[in-house]
Structures are given as structure tokens and as C-alpha cells.
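The residues making up each chain are set out below.
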Amino acid sequence: MSQDSKVKTTESSPPAQAKARKTLPILDPSGDYYYWWLNTMVFPVMYNLIIIVCRACFPDLQHGYLVAWLVLDYTCDLLYLLDIVVRFHTGFLEQGILVVDKGRIASRYVRTWSFFLDLASLAPTDAAYVRLGPHTPTLRLNRFLRVPRLFEAFDRTETRTAYPNAFRIAKLMLYIFVVIHWNSCLYFALSQYLGFGRDPWVYPDPAQPGFERLRRQYLYSFYFSTLILTTVGDIPLPEREEEYLFMVGDFLLAVMGFATIMGSMSSVIYNMNTADAAFYPDHALVKKYMKLQHVNRRLERRVIDWYQHLQINKKMTNEVAILQHLPERLRAEVAVSVHLSTLSRVQIFQNCEASLLEELVLKLQPQTYSPGEYVCRKGDIGREMYIIREGQLAVVADDGVTQYAVLGAGLYFGEISIINIKGNMSGNRRTANIKSLGYSDLFCLSKEDLREVLSEYPQAQTVMEEKGREILLKMNKLDVNAEAAEIALQEATESRLRGLDQQLDDLQTKFARLLAELESSALKIAYRIERLEWQTREWPMPEELAEADDEGDSGEGTSKDEDSQEGPQAQS
């Protein structure tokens, strides 16, 4: 029973988990839902940044719209609370994989500074309203601690928008407005502290006609702060120490703000120039070169018109350099989405493998031709084929005027010259003059790039050669006899190569046998030498032989003396 219950529990847990995920989904930090939630959080954060300070410094604004402020305050608090809930349901990447475990997400979130700042921004400081009254908006200054959420939303928007430079300028203007707004509020509060109308520097006495209105108070303070922070001048001189300190602080802030603005604008302009240089070739260098080399005015005008056409019509000639930082597969997908439809129109590339077309798409080079410019001439060596993306080209006679045909968008030419087809009567030479009638955008595919790609796809190469042969047959430009002779010659060559390979294999076998015999002979010789060494070790050494000879000589002398002594004794 216990095992069955465990099995049932295990089987029922996935639906339960799926239901839980369905009710409380985990957000992807790079997804759209999380991005739009960040944009939603911009409004409560900006409301607190702008309105709280304004209400604290302009009492009439606080007293006149108290109910509206309370509704907006607690609506923002509700959004702050929902933002914490969203944080607990926002996954994070670990080793490139999105973590969706709520326990791990919560454990990671509560250990970050963001969690403590979020809690502090929702601290119930409004409870002090009971003692101090509801007209004390400074109690809500802790809501400023949610400002990092605003910066995160701006960063995400800057990476997603199609106009990042314009967004940077708008963001800079927003920061400037917030700084001037805060400064104007502080100026009005300081004027109230020092006394309205006490000197020309502070805000005029509200008793004067027109200066009692709230709108006039804010606009005058904003205008006065703008004059100070922009260091334009034309402001009354300060007379009190507090006024001097306020002016010094504003001047320092103006210097820092000026440096920040100049740096930001310089960065934006540099990024725009860098983007233009990446998309379009630099014409200044070419113009300077032509001036130094004294190129004739007509040709110089054609070059300038070509550059102008690229700039006005947003034509790009260096797509490879623009996409070079993308991963290879992602770069291939981008190129396929842009150019695959154009490449698939070419007859010899139809019904080819998708991977082959993806490789070829990466090799396409965009080119733009000016009016009256020749793309190729009759008799030129064909090293590339062309696909017409936009514009019109004419097949003209040698005089350059008579037109035989007009080629439009989607057509192609020169595809036969980049494939080595046996029996091609035209060889690799161009058979016609192709001239651009207006500005024409073409895709160029070189023979080397095609050969490099087809080396990995031999079957596709065979299919393409068959299609090219069919096209040549229809055009009556295929010499069947020459093709047969070339095929026979190729077969004979291959047969000779096979024979040479067989002979080389035989020589290698014989050489291996000789090496084996040599090694065997060397081993036998080494063995015999070793046996001789062992045998010679049993022989007496030369020193022992010399001692033995000496002993033999001394023994013979002794025997001779004894014989000489025994001789007289015998005679006696």
C-alpha cells in the first residue's frame, strides 16, 4: 500500500507542479513580460522622485490635493509590493540555464542588497501621520530607495529600442529636468525659511499681485534654478550666508552637470559616427586620395554620386564586417532570413540542402553599381556569379548602345562560369556585356567561396554540375564529344593513378619486408656477438699467460741445475 501510494504521489506531482507554474509563472529576466513590468515600475518611482519633494516644499500643493495624493501614494505602494512579489518569481541564469525553482530564487533574492532596499522602501513610515498629520510628505522619502529599478528599466529599454542614441538624449534631458526640479523646490523652501521678499534674491512676497498663485511660484522657482545651473547669469546677488552657500552648491552642481552633459553628448555623437562608419564606407579618404592623385572631375563626380547613393538609400556593402561579432550560427540565421529567398531563385541552387544554402548565404557579397557601369564584359574571365537584388541591367553589344535584353530583380547571370563543367564551349570566359542602366544592387558569389563550400558537400556538387550541364545543353553550348573525351581522359588518368597507387602499395610492402629482414639480421648479429663475448670471458687473460710463461721458464732453469748437480754425483 505504501509503495502504491508513493507511486500515485509521484505520478500526480507533475500535474500539480504544472498547475502551480501555471498560477504563479516564473518570469525570464530577458523576456517581454519582465521588460514591460520594469516599464510599469518607472511610473511609481518617477512619481515619488518628482512629487514628494514638490509637495514637501510647496505647502499649497500638498493642502490643495490631499485626497488625490493619498490615493496616488498608496497606489504606488501597492505597485512596490507587487514588485517584490515579481522579484520572488523572476528566475536567474546559472551556467546559462534559467533557474525556475522558487525556493532557490527566493533564497538568492533575500541574500541581496536589493531585497533590503525593497523592504526599506516599503517601511510603514506613514504611520507617523497619526502624530504629525497627513501634511508631512517627507515621511515618504524612503520610497526613493526603489530608484535602482528605474535605472534597470532604462538600461533594458536602451538595449531594446531601435534608436538608442535618441533614447540616451531623452534620458539625459529627464535627468536634467529632475535636478532642476529638485533645485527649484529647495530654492522655494529656502526662500520660505529666510522670508519671502526679504531681499531681491529670495522669492518675492506672495502678497504681491500674481505671486500668490501656485503655478507662478513653481515656474518662477524653476526659472531661477535654471538660470543658476546653466550659469547664464542675470540673477540677483546673494546677501545672506545661506544664499551664498546655496549658490556655491549650485555652481558646483552646474560644473559637474556641464561635464556630464558634454561627456554624454560626445558619447552619443561618437556612437552615431561609429555606426555610420560601420554601415557605410568612409568617403573622405577616397575624396582626399582622388584630390592628391589629380583624378579627372568626371570620374570624381561619379565616385561622389556613388557614395551619395549609398548614404541616401541606406545601402550597405560590408554586411560581413557588421555581423562579425555574432556567433556563427546566429550570424547564419540572420543572413538566411535576409538573403535566402534571393539565393533560392538561382536554378542551380534549387533543391539543394538547407545547410549548403546557409553556408552559401554567408559568402554573398553585396555590390552596388552606378548608371552606365559595366558589371562584366565579353571575354572576361568569369570568377564570380551575380544575383540581381534591385535595379535593371542590360545585355548590350560591343558598342555599348544596342540592347539585346534587360535583366531585372530576381534574375542572375554568370552561374555557369563558376562551375567547372566538362565540355563547356565557352569555358570560363564571359559571353556577353552586362551594363547597369541605373543604380543596381547585386549579390556576388565567387568561385573560390563556392568551391570551399562544395568541398564539404560532394553530392551537392554532383547535382549542381548535372543542372549546369542541362542548362548548357539547352543553350547548345555543351560539346558532347569533348565532354566524352574529357571524361575518357579523366578515367584514364584515374586508372593510371590507381595503378600508381597499387605499385606504391607493393613498394611499401617490399620495403616493409626488407626492414623486417634487416631488423632480424641485426638481432641475429647482436645475438652472435653476445655469445662470442660470453665465450671469450672463459679464456685466460694476457697477464695470466705472461705469469704462466715466467713460472715455466723458472721451472726449466731449476730442473737444469738439478740435472747438472746429479751428473757429477753420478760420475763420482
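From a predicted model like this one, the values you see are computed outputs, not experimental measurements.

Glancing now at helix H9 (residues 164-194). Over its 31 residues, H9 runs 45 Å from end to end, which matches the ideal 45 Å to within 8%, given 1.5 Å per residue. Directly after H9, the chain includes Gly-195, whose backbone phi takes a positive value near 110°.

Two pairing modes exist for strands in a sheet, parallel and antiparallel, and in both the strands are linked by backbone hydrogen bonds. In space, the 4 strands of this open sheet follow the order E4-E9-E6-E7, with antiparallel pairing throughout. Of all the strands in the sheet, the pair left with one neighbour each is strand E4 (374-376) and strand E7 (403-407). Averaged over neighbouring strand pairs, the angle between their axes works out to 30° when direction is ignored. When strand E6 (residues 393-396) meets E7, the two strands line up antiparallel, connected through 4 bridges. Bridging across to E7, Val-395 finds its partner in Ala-405.

This paragraph deals with the confidence of the model for the protein chain. For the protein chain, the average pLDDT comes to 80, and 83% of its residues sit at 70 or higher. Note that residues 1-22 has pLDDT below 50 and, in this model, 2 contacts with residues that lie over four places away or in other chains. Scored below 50 in pLDDT, residues 568-572 makes 0 contacts in the model with residues more than four places away or belonging to other chains.

Counting 43 residues, the largest nonpolar core has Met-46, Leu-49, Phe-58, Leu-150 and Trp-201 as the members making the most contacts within it. Secondary-structure elements contributing two or more residues to this core are helix H2 (32-57), helix H4 (66-88), helix H8 (147-160), H9, helix H10 (214-229) and helix H11 (241-279). Per-element accounting of this core gives the leading share, 15 residues, to H2. Not counting residues up to four positions away in its chain, the partners in contact with Phe-58 are Cys-185, Phe-188, Leu-214, Gln-217, Tyr-218 and Ser-221.

As a further point, take the pairing of strand E10 (residues 440-446). Of all 7 residues in E10, 7 are buried; the element is thus mostly enclosed. Every second residue of E10 is oriented toward a common face, with Ser-440, Leu-442, Cys-444 and Ser-446 on one face and Asp-441, Phe-443 and Leu-445 on the other, all of them buried. Direction of pairing for strand E3 (residues 365-369) relative to E10: antiparallel, over a ladder of 5 bridges. Bridge assignment links Gln-367 to a residue of E10, and that residue is Leu-442. As judged from the 6 bridges shared by strand E5 (residues 384-390) and E10, these two strands associate in the antiparallel manner. Within the sheet, the bridge partner assigned to Tyr-386 lies in E10 and is Cys-444.

For the rest of this paragraph, the subject is the pattern of salt bridges. Scanning all chains against the criterion turns up 21 salt bridges. Here Asp-126 makes a salt bridge to Arg-140, at a shortest N to O gap of 2.8 Å. Linking Asp-126 in the loop between helix H6 (113-121) and helix H7 (129-132) with Arg-140 in the loop between H7 and H8, this pair joins segments that are 14 residues apart in sequence. For the salt bridge of Asp-126 with Arg-143, the shortest nitrogen-to-oxygen distance reads 3.6 Å. Taken together, the residues Asp-126 in the loop between H6 and H7 and Arg-143 in the loop between H7 and H8 connect sequence positions 17 residues apart. Grouping residues by exposure puts Asp-126 and Arg-143 together as buried. A cluster of three or more residues bridged by salt bridges with shared partners is formed by Asp-83, Arg-87, Asp-118, Arg-146, Arg-149, Glu-152 and Arg-156.

The next thing to look at is the side chain of Asp-118. When you line up the elements, Asp-118 lands in helix H6. Within polar-contact distance, the side chain of Asp-118 engages the side chain of Arg-146 at 3.2 Å. With sequence-adjacent residues up to four places away left out, Asp-118 is seen in contact with Ile-84, Arg-87, Tyr-109 and Arg-146.

The 4 strands lie next to each other as E3-E10-E5-E8, forming an open sheet whose pairing is antiparallel. Pairing within the sheet leaves two strands with one partner each, and these edge strands are E3 and strand E8 (412-413). This element, helix H17 (residues 447-454), spans E5 and E10 of the sheet and lies at about 50° to E10.

Now for the packing of aromatic side chains. Enumeration over the complete set of coordinates arrives at 28 aromatic pairs. Relative to Tyr-203, the ring of Phe-188 has its centre 5.4 Å away and its plane inclined at 65°; by these criteria the two rings are edge-to-face. In this pair, Phe-188 sits in helix H9 while Tyr-203 sits in the loop between H9 and H10, placing the two residues 15 residues apart along the sequence. Given a relative accessible area of 0%, Tyr-203 falls into the buried group.

Glancing now at the environment of Gly-195. Summarising the element assignment, Gly-195 is placed in the loop between H9 and H10. Counting along the chain gives 10 residues from Gly-195 to Asp-205, while the straight-line C-alpha distance between them is 8.2 Å.

Cut-offs applied
- Residues numbered from 1 in each chain as written.
- Predicted model: local features only at pLDDT ≥ 70, side-chain atom pairs only at ≥ 80, totals over all residues.
- Heavy atoms only, no water.
- Helix = DSSP H or I, 4+ residues; strand = E, 2+ residues; numbered from the N terminus.
- Expected span 1.5 Å × (residues − 1).
- Pairing = 2+ DSSP bridges.
- Axes fitted to C-alpha atoms, helices over the stretch in contact; angles between N-to-C directions.
- pLDDT = per-residue confidence, 0-100.
- Contact = heavy atoms within 4.5 Å.
- Core = buried A, V, L, I, M, F, W, Y, C linked by side-chain atoms within 4.5 Å.
- Buried < 20%, exposed > 50% of the residue type's maximum accessible area, 1.4 Å probe, protein only.
- Salt bridge = Lys/Arg side-chain N within 4 Å of Asp/Glu carboxyl O.
- Polar contact = N/O pair within 3.5 Å; in protein donor to acceptor, adjacent residues only side chain to side chain.
- Phe/Tyr/Trp six-rings, centres within 6.5 Å; stacked < 30°, edge-to-face > 60°.

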